[in-house]
Amino acid sequence: MGLTESSTQQTSHSSSAISHLRSSTKKKKDDKKGGDGGYVRRAYHAGSWYDSSPKELNGLLTAYLADAAASSTKNGIVENGNAPKKTSDDDDDEGVPRAIISPHAGYSYSGPTAAYAYMALLEALNGSENKCTIKTIVVLHPSHHVRLDQCAVSGASIIETPLLNLSIDKTLRSQLLSTKKFTTMTKSIDEHEHSGEMQYPYIAKAILDSNISSTPHLHPTVLPIMVGGISRSKEEYYGQLLSPILARSDVFTIVSTDFCHWGNRFGYAPTSSASFSSHDGSDGDDDDVTTKMNIHEYIEWLDKLGMTHIEAQRPGAFADYLRMYSNTICGRHPIAVWLNAIVCKSNNETKEKEEKNDTTKAINGDDDGDLDVSFVRYAQSGQVMSTRESSVSYASAVARKRRG
C-alpha cells in the first residue's frame, strides 16, 4: 500500500507498493539533497500561490497578522502573539495554544483567514514568561494529487520557504516509520502537494516574529504527515497511534484544510431548496431548515454545522455529518485523525483517573477532553447567489489547553 501519481483527490486505493516510493531513481540536476540524504523540499508554489520575494511575502503576512490582531476579540486568539499573564494558581500550560486548523488556498484567498490561526502559533512560540517549549510542529495535511490509503511522512531534510528554511524532525519521522504503518513521500509528491506548503511560510513567519527568532537552535523542527483518503476505522487507528505524540507539551499540531468547495466545477452544488435536518447531536428534537436561504448562506450553515462537531471534539458525529451531507471539506481525513487523537488521549486520562478513584475532575468534564477548540474566523472566496457561480470556504480554529 502506498502512493501513486494520480489526479484523483482524497481517494482510497490499495495498489502501489511502498518499495515504489523508496526506489532509487535518477535525480534531476535541481534535486538537491540534505545533509542526511533526504531531499531539500523547494518552495514549489512560490511565485504562483504566494509571493516568492522574501520582502513582499513578509510584508503581506505582517499585514494579515496585524489585521487579524486589530479585529480579534480575546475569545480564541491573544492579541499580538503575547500570552496572558498567569496567576500563581494557574498550571504552566493552561490556556496555551496546542493546535490550530488553518486553510491552504492561495494567500490572496485564504491568507487573511489563516492569520487568525497563526497568531496562536506565535503565542505558543513566545511561550509562558517568554520561554518557548515547542520543539516540533506536526503538520497534518490531505492529499490532492495522489491515491493514498494510509499516512505518509515527508522524506525531506529541509523545507525551503522564501522567509526561512525549516528543518525536519528526523527522530520523530524514524519513530513513525518504525511502526510500519507510515510510508514516505517522494520529493515530487511532496512538492506538488500545496496543502502542506501553504502552512510553511506562515510557520517561518511565526518563528521570525517570535522571541526565539535570533536563537536558531531553539527553532522548532517540522514533520509534515500526508493523510490519505482513509476509512473511518483507519482514521481512528492513526489517531490512536499519533495520540501520545500530539499530546506532548513540546509538540504543536497544524491541521490543514479548506471547507466547502461549492459549485458545478467541484461536482457539489446543494442548496436549501429542500429541508435539511441539522442533526447537531444536541439534546432534543433536531431543527429542520425549512427557510430558503441564499446559496452562500446555506454554504455557511453547512460548514458551521460541521465546525460544531469539531469544536465538540466528536469524531463520530463529524463522520456522520460528512456521510449525511457529503460536504467537500478537503482536509476531512486530517481533521478526523486529529480529533481521534485528542479524544483518545482524553479517554485514556479519564480511565487512569477512574482507576485511581479520582472522580472529581471526571465530574468536572475531563471526559470531554483537555482542549478547548474554537473556530475564530470563517470566510468564503465569494458570496454565491447563482448556481452558475462557485466558492471555497476557509476557516481557522485554535485548540487551547483547557483551564480548570
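Look above for the structure.
Residues numbered from 1 in each chain as written. Predicted model: local features only at pLDDT ≥ 70, side-chain atom pairs only at ≥ 80, totals over all residues. Heavy atoms only, no water.

Engineer: Please clarify how the sheet that holds strand E2 (residues 39-41) should be interpreted in this entry.
Structural biologist: The pairing of strands in a sheet happens through backbone hydrogen bonds and is either parallel or antiparallel. The strand order E2-E7-E8 describes an open sheet built from three strands, whose pairing is mixed. Of all the strands in the sheet, the pair left with one neighbour each is E2 and strand E8 (166-167). The pairing of E2 with strand E7 (residues 156-159) spans three bridges and is parallel. Looking at the pairing, Tyr39 lines up with Ala156 of E7. (Pairing = 2+ DSSP bridges. Helix = DSSP H or I, 4+ residues; strand = E, 2+ residues; numbered from the N terminus.)

Engineer: Would you mind going over helix H3 (residues 107-126) with me for this structure?
Structural biologist: Owing to its 3.6 residues per turn, the α-helix aligns residues three or four sequence positions apart on the same side. Counted at 1.5 Å a residue, the expected span for H3 with its 20 residues is 28 Å, but the 24 Å between its end C-alpha atoms falls short. Most pronounced at Ala115, the bend in H3 amounts to some 40 degrees. A large share of H3 lies buried, amounting to 17 of its 20 residues. A positive backbone phi angle near 70 degrees is found at Gly127, which sits one or two residues after H3. (Expected span 1.5 Å × (residues − 1). Bend = angle between axes of the 7 residues up to and from the residue. Buried < 20%, exposed > 50% of the residue type's maximum accessible area, 1.4 Å probe, protein only.)

Engineer: Would you mind going over unusual backbone geometry with me for this structure?
Structural biologist: Most peptide bonds take the trans configuration, and most residues that are not glycine carry a negative phi. For Gln313, which is not glycine, the phi torsion reads 60 degrees and is therefore positive. When you line up the elements, Gln313 lands in the loop between helix H9 (295-311) and helix H10 (315-325). The buried category is assigned to Gln313, whose relative accessible area is 8%.

Engineer: I would appreciate a short explanation of the packing of aromatic side chains in the present structure.
Structural biologist: Per the counting criterion, the structure on display carries 10 aromatic pairs. Taking the centre distance of 5.9 Å and the plane angle of 85 degrees together, the rings of Phe259 and Phe375 count as edge-to-face. Taken as a pair, Phe259 in the loop between strand E11 (251-256) and strand E12 (261-262) and Phe375 in strand E15 (residues 371-380) lie far apart in primary sequence, 116 residues in all. Each member of the pair Phe259 and Phe375 is classed as buried. Each ring, one from Phe318 and one from Tyr321, has its centre 6.1 Å from the other, and the planes form 25 degrees; the classification is stacked. Placement of the pair is Phe318 and Tyr321 together in helix H10, with a separation of three residues, close to one helical turn. Each member of the pair, Phe318 as well as Tyr321, is classed as buried. Linked through ring pairs, Tyr298, Trp301, Phe318, Tyr321 and Tyr325 together constitute an aromatic cluster. (Phe/Tyr/Trp six-rings, centres within 6.5 Å; stacked < 30°, edge-to-face > 60°.)

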